[in-house]
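One-letter residues, chain by chain:
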Amino acid sequence: MLAQVSPDDGGTGAGVVLLIILMGLYFIPTIVGAVRHVPNLGSVVVINIFLGWSVIGWVVALAMAARSVPAPTQNIQHGVVPTTRQSPPAPPPGALPPQVPPPPPPPYQPPE
């Protein structure tokens, strides 16, 4: 049978609070990774969920979440900022692009 909890049982509220605290501690690597916006947050979450029960998996997930996040790279060399290449404008509807040659004329057929 299922265990019944009586309303005057003071341990139920304390058990829920303890469960919430323990779950918060279990997911510290995921919380740290989300706050720090790490690029591999999905890996941190998967390792934390599936391997966090072992101390080693939890520490690995925490190390992944706490590692330094690389700064965005810029391609600036000698003070020259590269520009983005823009594609040429599209031809009007129904027009052939200029690089496509017209079809060849039909072959010559002498009159009969």
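Let's talk about the overall build of the chain
Assigned secondary structure in the chain consists of four helices and zero strands. Start at the N end of the chain and walk to the C end: the helices and strands fall as α-α-α-α. In the chain, which comprises 112 residues, the share counted as buried stands at 11%. Considering only contacts in the chain between residues 6 or more positions apart, those separated by 24 or more positions represent 48%.

Observations concerning a nonpolar patch on the surface
On the surface, a cluster of nonpolar side chains totalling about 470 Å² of accessible area is made up of Val 17, Leu 18, Ile 21, Leu 22 and Leu 25. Relative to the helices and strands, Leu 22 resides in helix H1 (residues 11-26).

Points about the side chain of Thr 30
Within the secondary structure, Thr 30 sits in helix H2 (residues 28-36). Ignoring any residue separated from it by four or fewer positions in sequence, one finds Thr 30 in contact with Leu 41, Val 44, Val 45 and Asn 48.

Regarding the packing of aromatic side chains
We describe a pair of aromatic rings using the distance from one ring centre to the other and the angle between the two ring planes. Going through the model one piece at a time under the given rule, you end up with one aromatic pair. Their ring planes at 80° and their centres at 5.1 Å tell us that Tyr 26 and Phe 27 sit as a pair that is edge-to-face. Under the relative-accessibility criterion, Tyr 26 is labelled partly exposed at 24%. Take Phe 27: its relative accessible area is 26%, and that puts it in the partly exposed class.

What about the packing of H2 against helix H3 (residues 41-51)?
Two numbers describe a pair of packed helices, the interaxial angle and the distance between the axes. Two elements in contact, H2 and H3, have axes whose closest approach is 9 Å; the angle formed by their N-to-C orientations is 170°. In this view, H2 runs roughly antiparallel relative to H3, as classed from their interaxial angle. Across the interface between the two elements, Pro 29, Thr 30, Gly 33 and Ala 34 of H2 pack against Leu 41, Val 44, Val 45 and Asn 48 of H3.

Concerning the confidence of the model for the chain
Residues with a pLDDT of 70 or more make up 74% of the chain, whose mean pLDDT is 81. When the elements of the chain are averaged for pLDDT, H1 gives the smallest value, 89, and H2 the largest, 95.

Quick look at H2
Buried residues of H2: Pro 29, Thr 30 and Gly 33, and no others. Each buried residue of H2 sits inside an arc of 100° when the element is viewed along its axis, so together they form one side. Of the residues one or two after H2, His 37 is the one with positive phi, at around 55°.

Quick look at the packing of H3 against helix H4 (residues 55-66)
At a minimum axis separation of 8 Å, H3 and H4 run at an interaxial angle of 165°. It follows that H3 is roughly antiparallel to H4 by the angle criterion. Considering how the two elements wind past one another, H3 and H4 form a crossing that is left-handed. When H3 is examined against H4, the residues Ser 43, Val 44, Ile 47, Asn 48 and Leu 51 are found in contact with a partner set consisting of Gly 57, Trp 58, Val 60, Ala 61, Met 64 and Ala 65.

The rules behind these values
- Residues numbered from 1 in each chain as written.
- Predicted model: local features only at pLDDT ≥ 70, side-chain atom pairs only at ≥ 80, totals over all residues.
- Heavy atoms only, no water.
- Helix = DSSP H or I, 4+ residues; strand = E, 2+ residues; numbered from the N terminus.
- Buried < 20%, exposed > 50% of the residue type's maximum accessible area, 1.4 Å probe, protein only.
- Contact = heavy atoms within 4.5 Å.
- Patch = residues over 30% accessible without salt bridge, like charges linked within 9 Å, V, L, I, M, F, W, Y side chains within 5 Å.
- Areas by Shrake-Rupley, 256 points an atom, 1.4 Å probe, with all protein chains shown as cover.
- Salt bridge = Lys/Arg side-chain N within 4 Å of Asp/Glu carboxyl O.
- Phe/Tyr/Trp six-rings, centres within 6.5 Å; stacked < 30°, edge-to-face > 60°.
- Axes fitted to C-alpha atoms, helices over the stretch in contact; angles between N-to-C directions.
- Parallel < 35°, antiparallel > 145°, perpendicular 65-115°, else oblique.
- pLDDT = per-residue confidence, 0-100.
- Arc of directions from axis to C-beta.
- Left-handed = near helix turned anticlockwise from the far one by under 90°.

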